[in-house]
Amino acid sequence: MDENSVERPLLLSRGAERVKKTPFFVSWAKWILKFVIWVIFLAWAALIFFIPAQIVNEAFEKWAQLTSGTVFGITGSIFLVFSGPVLIIAFLSIAYLLISGEEELHERKASTKPRFRLWTFPVLVDGPFGVVSATELIGIVLFVVYVIWAVYAYTTQILSVISQSQLTLKQKSCFILEYLGLRFGTIGLYCLAFLFLPVARGSVLLRLIDIPFEHATRYHVWLGHLTMELFTLHGLFYIIAWTIEGDLLQEILEWKDIGVANLAGVISLAAGLLMWMTSLHPVRKQKFELFFYTHQLYVIFVVFLALHVGDFVFSIAAGGIFLFILDRFLRFCQSRRTVDIISAKCLPCGTVELMLSKPGNLRYNALSFIFLQVRELSWLQWHPFSVSSSPLDGKYHLSVLIKVLGEWTEKLRGNIMNSSEADLHLQPQTKIIASVEGPYGHELPYHLMYENLILVAGGIGISPFLAILNDILHRTQEGKPCLPRNILIVWAVKKSNELPLLSTNDMESICPFFSDKLNLEIRIFVTRESQPLLEEGQVHEATNSSPPTSDSSSMSVLVGTGNNVWSGLYVISSTLGFVIIIYLLDIFYINPYEISSWWYKGLLFVICMLASVFIFGGIVVGLWHLWERQNAAKEACKDDRIMVEKMQNNDIVAHKDSCQQKVASLTNLYYGSRPNFKGIFGDISEKWGCVDVGVIVCGPPTLQTSVAKEIRSHNIRRQRYHPIFHFNSHSFDL
């Protein structure tokens, strides 16, 4: 290998001069938008944090009273303060994404010194939260401090009131219990304002901060535990107080028109407790379908919560819930379209490779996920899978690798095997029909931001790294901006029959003589075999003949990193529609007829949220769908491009032997042992020197813990001439 070729950044390769720098006014506009977003967010968070303080709470109550005479009343005042900032940030995020456009990686010089980054430095690795970065730990601490501070502030207030009253011990006890129960519910409601934000899969907020959905789910899990603990204490304190007073049953069944509807709160809490219990780790792992189906009770939980507290209290958490409804409706529209599986293979290691048709304008990055439903297997089950193909592999297809582990994947493999035996070439009507949600992933390909990469995979965890390799090779060959030049792959597999997964991509055909341009090393550890086995498996292949550009067979682009203009119009029109519907409802129904029932107004509030998304947002989605169909019709005429892709796939088969030889020369195989990460990172520290090293791990939690522990140890004890390792995980765990 040419030593200079490795030392020379790939950014200076052929075609890099075509990259344009961001115009000055665009950079300034983006900076201003980010600054305004941060100011609004910090002000919103500060209000929630300090509102337990009596002086802040009294100031807010005075402001609410002053604005209660407006058309929207006190509900509008509370909604503007607590939910309005979230929606305003969403609007500004849309503007930011529109200005950014399809931002390319601009030319970057290698950092002279490596730098610590809070979001890639693992602090906790063995606790109940899994691997936690410094940034995540700060967030956890802030929420814990907020809860402790709020409980302290409310307890101080109630003790001050009790000390000045002349009540019996029984009355004091019940009063304290009911007051603290009320305040625990209030704190839980503020946490609920954040709870739905991480599970809006295609949310502009997640895209703005570049947190992919598979990372955000863990924040939803943490917030869910905290919120349900607070709501459980809320209900428990009231039950104890009512029991002491001797009217427990009467209070539970009470449904007031003016005031809180207790029975609605009991139903909401019961639904929340069912979701919470079935989401605990042992139940979720052993009875996933039970967890999945009971989690649909979130509809009951939200609706009866609105009936319980009324419209003005519910509006505290309405912003995050509204963004979730927007995302859920969009995902529903996308998932209604069927996608033909144009190619399916069963590999001997028990892995299925599917190639799905996609439109040419669908954007995604390597390290993306899709949710897949196969209707021949189940109409209800959706399963997440990493995309194993690079966005540069082909304009009209997307691939996933699926490890056969459970009942659903076993049925999928059986269907493909049966289709292969029936000879699909003689029966082209036989198809496997799927529906797809996504792709979801990072807004920008962060794996391209590191000059030095270590990819650690366990078993089928190699799948997203195949996409990374292809992406880097394509960019290197086409002269597109791409920083990585030193790549180490560490792959742990149980048996050697999984090794052919690495040969599913022909690296030599993508980028001829790639070893002259890229320093690639592969270390494979076969843990359950002491020596190589001389066995070869048979590949069963079933291929559909339907063209991947047909509008009826390609996946939709409605969610994920979809069209920024249309998605922005969808969010803005739905929000404005919500305001319009609420305004009309107040003017022509609530105020003239003097509607005052809390639970009824809460129900109307939820109905208005849904109606605004279905009506105003639905119109935009319909127009978006027509625009998408027109684009698909134009692409359907470009059959020559499809033929080029098919010819390229044939070339891959023709060059597979040469590729395997090239990969074999870069691969070190170790049988009967597991990766020694202490030795691996120590070796890399001496070899690569004082640089930033991006480490991406895809595998079971034990693998992530082992890698994170070594990264933390090396970063803390590093010498001045050693690299800084940056931990990144890529694993989906609901």
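Everything discussed here concerns the structure shown above.
All values derive from a computational prediction rather than experimental measurement. (Residues numbered from 1 in each chain as written. Predicted model: local features only at pLDDT ≥ 70, side-chain atom pairs only at ≥ 80, totals over all residues. Heavy atoms only, no water.)

A. Fine view of the overall build of the protein. Per the secondary structure count, the protein includes 24 helices and 15 strands. Taken across its 734 residues, the protein has 54% of its residues classed as buried. A fraction of 82% describes how many contacts in the protein between residues 6 or more apart in sequence connect residues 24 or more apart. (Helix = DSSP H or I, 4+ residues; strand = E, 2+ residues; numbered from the N terminus. Buried < 20%, exposed > 50% of the residue type's maximum accessible area, 1.4 Å probe, protein only. Contact = heavy atoms within 4.5 Å.)

B. Region of the structure containing the packing of helix 5 (residues 134-163) against helix 6 (residues 169-195). Across the interface, helix 5 lies against helix 6 with an axial gap of 10 Å and an inter-helix angle of 150°. Between helix 5 and helix 6, the angle is such that the two are roughly antiparallel. Crossing hand, helix 5 versus helix 6: right-handed. Side by side, helix 5 and helix 6 meet where Phe143, Tyr146, Val147, Ala150, Val151, Tyr154, Thr155, Gln157, Ile158, Val161 and Ile162 of the first sit next to Lys172, Phe175, Ile176, Tyr179, Leu180, Arg183, Phe184, Thr186, Ile187, Tyr190 and Phe194 of the second. Its residues placed into classes, the contact of helix 5 with helix 6 shows 17 nonpolar, three polar and two charged. (Axes fitted to C-alpha atoms, helices over the stretch in contact; angles between N-to-C directions. Parallel < 35°, antiparallel > 145°, perpendicular 65-115°, else oblique. Left-handed = near helix turned anticlockwise from the far one by under 90°. Nonpolar A, V, L, I, M, F, W, Y, C, P; charged D, E, K, R; others polar.)

C. Expanded view of the packing of helix 2 (residues 24-50) against helix 4 (residues 73-100). In contact at an axis separation of 10 Å, helix 2 and helix 4 are set at 165° when each is read in the N-to-C sense. Taken as axis vectors, helix 2 and helix 4 run roughly antiparallel relative to one another. The two elements helix 2 and helix 4 cross, and the hand of that crossing is left-handed. Residues Val26, Ala29, Lys30, Leu33, Lys34, Val36, Ile37, Ile40, Phe41, Trp44, Leu47 and Ile48 of helix 2 lie in contact with helix 4, whose contacting residues are Val81, Phe82, Pro85, Val86, Ile88, Ile89, Leu92, Ser93, Ala95, Tyr96, Ile99 and Ser100. Class assignment for the residues of the contact of helix 2 with helix 4 results in 20 nonpolar, two polar and two charged.

D. Summary view of the pattern of salt bridges. With the rule as written, the count across this model stands at 12 salt bridges. The partner of Arg485 in a salt bridge is Glu451, and the shortest N-O contact between them spans 3.2 Å. Placement of the pair is Arg485 in the loop between helix 17 (463-478) and strand 10 (486-493) and Glu451 in the loop between strand 8 (433-440) and strand 9 (452-458), with a sequence separation of 34 residues. Side by side, Arg485 and Glu451 carry an identical accessibility label, which is buried. Notably, a salt bridge pairs Arg475 with Asp471, separated by 3.6 Å at the nearest N-O pair. Pair noted here: Arg475 and Asp471 are both in helix 17, with a separation of four residues, about one helical turn. No difference in accessibility class separates Arg475 from Asp471, as the two residues are buried. By sharing partners, the salt bridges in this structure join Arg201, Asp327, Arg331 and Glu437 into a single network. (Salt bridge = Lys/Arg side-chain N within 4 Å of Asp/Glu carboxyl O.)

E. Spatial organisation of the packing of aromatic side chains. In the structure shown here, the tally under the stated rule is 41 aromatic pairs. Geometrically, the ring pair formed by Phe385 and Trp408 is stacked, given 6.1 Å between the ring centres and 25° between the ring planes. Note that Phe385 is positioned in strand 6 (residues 383-386) and Trp408 in helix 16 (residues 407-421), a separation of 23 residues in sequence. Of the two residues, Phe385 and Trp408, neither departs from the other in class, the shared state being buried. Linked through ring pairs, Trp38, Phe41, Trp44, Phe143 and Phe194 together constitute an aromatic cluster. We note Arg201 situated over the ring of Phe371; from NZ or CZ to the ring centre the distance is 3.9 Å. (Phe/Tyr/Trp six-rings, centres within 6.5 Å; stacked < 30°, edge-to-face > 60°. Lys NZ or Arg CZ within 6 Å of the ring centre and 35° of its normal.)

F. Just the nonpolar core, in detail. Among the nonpolar cores identified, the biggest contains 126 residues, and Phe82, Phe314, Leu354, Leu356, Leu372, Leu412 and Tyr570 are the most heavily contacted of them. With sequence-adjacent residues up to four places away left out, Leu356 is seen in contact with Val339, Asp340, Ile341, Ile342, Ile370, Leu372, Tyr396, His397, Leu398, Val436 and Met555. In this structure, Leu401, Tyr450, Ala467 and Met507 belong to the second largest nonpolar core, which totals 39 residues. (Core = buried A, V, L, I, M, F, W, Y, C linked by side-chain atoms within 4.5 Å.)

G. Structural context of the side chain of Thr476. With respect to the element layout, Thr476 can be found in helix 17. The exposure class of Thr476 is buried, given its relative accessible area of 8%.

H. Inspection of the environment of Met507 at higher detail. Relative to the elements of secondary structure, Met507 occurs in helix 18 (residues 507-510). Taking the C-alpha atoms as reference, Met507 lies 9.2 Å from His474; in sequence the two are 33 residues apart.

I. Examining unusual backbone geometry more closely. Going from Gly438 to Pro439, the amide bond is cis rather than trans, its omega being 5°. Here Pro439 lies in strand 8. Positive phi outside glycine occurs at Leu367, with the angle close to 75°. With respect to the helices and strands, Leu367 occurs in the loop between strand 4 (351-357) and strand 5 (369-374). A positive phi angle, near 50°, is found at Glu594, a position not held by glycine. Looking at where Glu594 falls in the secondary structure, it is placed in the loop between helix 19 (564-590) and helix 20 (598-636). Residue classification places Glu594 among the exposed positions, given a relative accessible area of 66%.

J. Up close: helix 23 (residues 677-688). Helix length check: helix 23, at 12 residues, gives a terminal C-alpha distance of 16 Å against a target of 16 Å (1.5 Å per residue), a fit within 8%. The complete set of buried residues in helix 23 reads Phe677, Ile680, Phe681, Ile684, Ser685 and Trp688. All buried residues of helix 23 fall inside an arc of 135° around its axis, so they share one side. Within helix 23, the exposed residues directed more than 90 degrees away from the buried face are Lys678 and Glu686. Of the surrounding secondary structure, the elements contacted by the buried residues of helix 23 are strand 9, strand 10, strand 11 (519-526), strand 14 (692-698), helix 24 (701-717) and strand 15 (724-729). (Expected span 1.5 Å × (residues − 1). Arc of directions from axis to C-beta.)

K. Expanded view of a nonpolar patch on the surface. Together, Val71, Phe72, Ile572, Leu576, Val579, Ile580, Tyr583, Leu584, Ile587 and Phe588 line one region of the surface with nonpolar side chains, adding up to about 820 Å² of accessible area. As for its placement among the helices and strands, Ile580 is situated in helix 19. (Patch = residues over 30% accessible without salt bridge, like charges linked within 9 Å, V, L, I, M, F, W, Y side chains within 5 Å. Areas by Shrake-Rupley, 256 points an atom, 1.4 Å probe, with all protein chains shown as cover.)

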